[in-house]
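Fold and contact review
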Amino acid sequence: MEAFSSSGLLSDPFRSPDPTIVATSVIGAVVLLFFVGFSLWRGLRRRRRKPVRVYMDGCFDMMHYGHCNALRQARALGDELVVGVISDEEIIANKGPPVSSLYERMTMVGAVKWVDEVISDAPYAINEEFMKKLFTEYNIDYIIHGDDPCLLPDGTDAYAIAKKAGRYKQIKRTEGVSSTDIVGRMLLCVRERSTGDKHNHSSLQRQFSHGHGQKLDGGSGSPRSATRISRFLPTSRRIVQFSNGKGPGPDSRIIYIDGAFDLFHAGHVEILRLAGDLGDFLLVGIYSDQTVSSVQGLHRPIMNLHERSLSVLACRYVDEVIIGAPREVSKDMITTFNISLVVHGTIAENMGFLKEEPNQYRVPMAMGIFRQLESPLDITTSTIIRRIVANHEAYQKRNEKKEASERKYYENKTHISE
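Let us look at the structure shown here. (Residues numbered from 1 in each chain as written. Predicted model: local features only at pLDDT ≥ 70, side-chain atom pairs only at ≥ 80, totals over all residues. Heavy atoms only, no water.)

What follows deals with the overall build of the chain. A count of helices and strands for the chain gives 17 helices and 12 strands. Buried residues in the chain amount to 47% of all 418 residues. Considering only intrachain contacts with a sequence separation of at least 6, the fraction spanning at least 24 residues in the chain is 78%. Here the chain has roughly 21,500 Å² of accessible surface; of this, 55% comes from carbon and sulfur atoms. (Helix = DSSP H or I, 4+ residues; strand = E, 2+ residues; numbered from the N terminus. Buried < 20%, exposed > 50% of the residue type's maximum accessible area, 1.4 Å probe, protein only. Contact = heavy atoms within 4.5 Å. Areas by Shrake-Rupley, 256 points an atom, 1.4 Å probe, with all protein chains shown as cover.)

Written as structure tokens, this is what we have:
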């Protein structure tokens, strides 16, 4: 066989190339072009792929971490989450009076980090007309709801039409909390305060979190439960699911704001939004149960530290929380977290905090890094409680009806993984 060399080619420039080499080169070029073309086609296809849009609706009244976890699970089933907030009129017709207005509920839902779009005045039950609107105008692929039943006053399934259309998906209900449970806690606390009952151990809320069911006299001689035993079981996994998983950059402007953040509401959300706009990273300090009780009384907080922490972590304006933060902002704390500015709203449970001795913000004030922000909404945790008290009979009746369905859920529940 004749050897092929570069020297041979140079000595005979008119010599024909080896057919084997030519064929190999052609095949290699074709294969290369195929893979390049296929990669480009696949990339374009991915870019052109329609995002999966999922829809979830609800009253989202007195929004808590259970609502937020439901939205987190729903978002994981698609690329974009659209949330429908049911109108005040629909809630009144189907459940009774809402505690929070539609505007407040819209504010709360829009602030959840997993929500991409919010629809106001959604119907309580999905009918054919609204389902068609979801599919055509909002390009919804699937309708999502929890594994707990959602029944209309006539006993029919509110999601029957979506299920029949084959466009329904189910997620796991977040156990341990519900709006019914929270209203029950508040009603019980108000009752305890009004009758002058005293407790020698911590706040009433901690009795709930440790599983001590409280009883109220129903007036018929037999005690009835005012609220369920709390089934909230805090886990590190849940904290991770709600966390951003990232810290501040080396040159980040870190803003710090602290408080109880009990019954997390629209007033909290709006002051956190303003605080977040002042820097690159928003750090939120959440007081311990003991700290809240020492300032606001034995019947506070309504929600325990872990519950309050999850609600704050779910807010899109928050980057990190300090669970059980000290009430006094010290120089060491400012240095440890590299805090650039400490802020506080003008509306708070304790409006005399600036006149206290010693002042909890005296260090950042002396350093010139404290600022008071004008609170956009005049709402506090006490505002929410007063609304419940003002209409307590209606809420008590609503709770009694809802508690029956919740007991049935827990009695018949089966394991569903998230």
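Picking up after the structure, the text goes on.
Per the stated rule, a full pass over the model turns up five aromatic pairs. Ring plane angle 65 degrees and centroid distance 6.0 Å describe the contact between Tyr-55 and Phe-130, whose orientation is recorded as edge-to-face. Note that Tyr-55 is positioned in strand β1 (residues 53-58) and Phe-130 in helix α6 (residues 128-136), a separation of 75 residues in sequence. By the burial criterion, Tyr-55 is buried, and Phe-130 matches it. (Phe/Tyr/Trp six-rings, centres within 6.5 Å; stacked < 30°, edge-to-face > 60°.)

Right, let's talk about helix α3 (residues 65-76) for a bit. Helical geometry: 3.6 residues make up each α-helical turn, so side chains three or four residues apart lie on a common side. Taking 1.5 Å per residue, 12 residues should reach 16 Å; α3 reaches 16 Å between its end C-alpha atoms and fits that length. Listing the buried residues of α3 in full gives Tyr-65, Gly-66, His-67, Cys-68, Asn-69, Ala-70, Leu-71, Arg-72, Gln-73 and Ala-74. (Expected span 1.5 Å × (residues − 1).)

Taken together, the five strands give an open sheet; going across it, the order is β3-β2-β1-β4-β5, and neighbouring strands pair in parallel fashion. The outermost strands of the open sheet, each flanked by one partner alone, are β3 (117-122) and β5 (168-171). Strand after strand, the sheet turns through a mean of 30 degrees between neighbouring axes, direction not considered. Looking at chain direction, strand β2 (residues 80-86) and β3 are connected through four bridges and run parallel. Of the residues in β3, the one forming a bridge with Val-82 is Glu-117. The strands touched by helix α5 (residues 102-110) are β2 and β3; relative to β2, the strand with the most contacts, the crossing angle is about 165 degrees. (Pairing = 2+ DSSP bridges. Axes fitted to C-alpha atoms, helices over the stretch in contact; angles between N-to-C directions.)

Tracing the chain through its elements places Ser-309 in helix α13 (residues 305-313). Exposure remark for Ser-309: the relative accessible area of 0% places this residue in the buried category. Apart from residues no more than four positions distant in its own chain, Ser-309 is found in contact with Ile-286 and Ile-323.

In a structure, side chains of opposite charge can pair up when their charged atoms sit close to one another. Overall, the coordinates contain 13 salt bridges when judged by the stated rule. A salt bridge links Arg-53 to Glu-80; its shortest N-O distance comes to 2.6 Å. Of this pair, Arg-53 sits in strand β1 while Glu-80 sits in strand β2, and the two are 27 residues apart along the sequence. Residue Arg-53 is classed as buried on the basis of its relative accessible area, which comes to 13%. Accessibility expressed as a relative area gives 24% for Glu-80, which makes it partly exposed. A salt bridge links Arg-75 to Asp-116; the nearest nitrogen and oxygen atoms lie 2.9 Å apart. Of this pair, Arg-75 sits in helix α3 while Asp-116 sits in the loop between α5 and β3, placing them 41 residues apart in sequence. When its relative accessible area of 25% is taken as the criterion, Arg-75 is described as partly exposed. Look at the salt bridges and you will find they share partners, linking Arg-53, Glu-80 and Glu-117 into a network. (Salt bridge = Lys/Arg side-chain N within 4 Å of Asp/Glu carboxyl O.)

What follows covers the sheet that holds strand β11 (residues 339-345). One open sheet holds the five strands; their spatial order is β10-β9-β8-β11-β12, and the pairing between them is parallel. Single-partner strands in this sheet number two, and they are β10 (320-325) and β12 (370-373). Taken pair by pair, the neighbouring strands of this sheet meet at an average axis angle of 25 degrees, ignoring direction. As paired elements, strand β9 (residues 281-287) and β10 share five bridges and run parallel to each other.

Time to look at the environment of Thr-381. For Thr-381, the location among the structural elements is in helix α16 (residues 381-390). Residue classification places Thr-381 among the buried positions, given a relative accessible area of 4%. Along the chain, Thr-381 and Leu-263 lie 118 residues apart, while their C-alpha atoms are 6.0 Å from each other. Excluding residues within four positions of it along the chain, Thr-381 makes contact with Asp-262, Leu-263, His-265, His-268, Arg-300 and Glu-349.

By themselves, these are just geometric observations and shouldn't be taken as functional.
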